[in-house]
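Summary of the model geometry
Here are the chains, one letter per residue:
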Amino acid sequence: GDTVSQGFTPRADGLSSVTLYPRSYRPETTGDTTIELRDVTSAPPEAVASLTASNLSLVTAGRITLKFPPRPSLDRKFEVAIHTAHTPLSHAIGLLATRGEGYTPGVLRVNGWQRNGDLVFETSVDQAQSNFAVLVSRLSSAGVPAAAVCLLLTLAIAHAALYALLAWWVRAAKASIS
């Protein structure tokens, strides 16, 4: 199969959908396509949403939208990937793209190789939960009591402050030696 992917960084918070515009080379479009959105800000990438559908249904609809609950997205990196499995090129779908690098933060890749251009897609945003609310929600759904969440966050803040103080002390000591 073939994979096309496009990286992007939303300019607003609360990413909630991505819409692509598939087209057909020929009326006898066959095979299936999987469309996936991943948050690639940190490793390993986190799957946000995915959809597998027949190429014929994608082309007939003229657009395909991945919808998901609004998520923190400002200053985060995402990648939309489209994978067609074992479809002859003459029966595959086409995707709207532009020539040149009009969208510089993102990279267009075809089967892992960087290409000159950008995939055309739309994003929408809604009000997102804060990173803090998401963290508390995930910990509580994993069975961690609220009091333990507060204690863990307090310890993390104290550790960060101690690290910052230690880093300042080392810089000051180096400056006094030289």
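The coordinates are above.
Below or above, wherever it landed, is the structure these notes cover. (Residues numbered from 1 in each chain as written. Predicted model: local features only at pLDDT ≥ 70, side-chain atom pairs only at ≥ 80, totals over all residues. Heavy atoms only, no water.)

1. So, the sheet that holds strand S13 (residues 121-125)
Put simply, the test is: Any two strands between which DSSP finds at least two bridges are classified as paired. Numbering of helices and strands starts at the N terminus; helices are DSSP runs of H or I of at least 4 residues and strands are runs of E of at least 2. Interaxial angles span 0 to 180 degrees and are taken between N-to-C directions of axes, which are lines fitted to C-alpha atoms, for helices over the stretch in contact.
Spatially, S6-S2-S13 is the arrangement adopted by the 3 strands of the open sheet, whose pairing is antiparallel. The open sheet has two free edges, formed respectively by strand S6 (64-71) and S13, since each of these has just one partner strand. Strand-to-strand, the axes of this sheet are offset by a mean angle of 15 degrees, without reference to chain direction. When strand S2 (residues 15-20) meets S6, the two strands line up antiparallel, connected through 5 bridges. Paired with Thr 19 across the two strands is Thr 65, which belongs to S6.

2. Let's talk about the pattern of salt bridges
Condition: Throughout this description, the term salt bridge denotes a Lys or Arg side-chain nitrogen within 4 Å of a carboxyl oxygen of Asp or Glu. Residue burial is assigned from relative accessible area. The probe radius is 1.4 Å, only protein chains are included, and a residue is buried under 20% of its type maximum, exposed over 50%, and partly exposed in between.
Counted under the stated rule, the structure contains 6 salt bridges. Arg 38 is paired through a salt bridge with Glu 79; the nearest N and O atoms lie 2.4 Å apart. With a gap of 41 residues between them, Arg 38 in strand S4 (residues 32-39) and Glu 79 in strand S7 (residues 78-84) connect regions that are remote in the sequence. Residue classification places Glu 79 among the buried residues on the basis of a relative accessible area of 17%. Counted as one network, the salt bridges with shared partners bring together Asp 39, Glu 46, Arg 71 and Arg 76.

3. A look at the sheet that holds strand S11 (residues 113-115)
Read across the open sheet, the 6 strands follow the order S5-S4-S7-S1-S10-S11; overall the sheet is antiparallel. Only two strands of the sheet have a single neighbouring strand rather than two, namely strand S5 (46-54) and S11. Within the sheet, the average angular offset between the axes of one strand and its neighbour, ignoring direction, is 20 degrees.

4. Side note on the nonpolar core
Quick note on the threshold: Definition used in this section: a nonpolar core is a set of buried Ala, Val, Leu, Ile, Met, Phe, Trp, Tyr and Cys residues joined via side-chain atoms within 4.5 Å. Two residues qualify as a contact provided that any one of their heavy atoms is within 4.5 Å of a heavy atom in the partner residue.
Ranked by internal contacts, the top residues of the largest apolar core, which has 21 residues, are Phe 8, Leu 20, Ile 35, Leu 37, Val 80 and Leu 119. Secondary structure elements with two or more residues in this core: strand S1 (2-8), S2, S4, S5, S6 and S7. Apart from residues no more than four positions distant in its own chain, Leu 119 is found in contact with Val 4, Gln 6, Leu 20, Val 80, Ile 82, Leu 95, Leu 96, Ala 97 and Leu 108.

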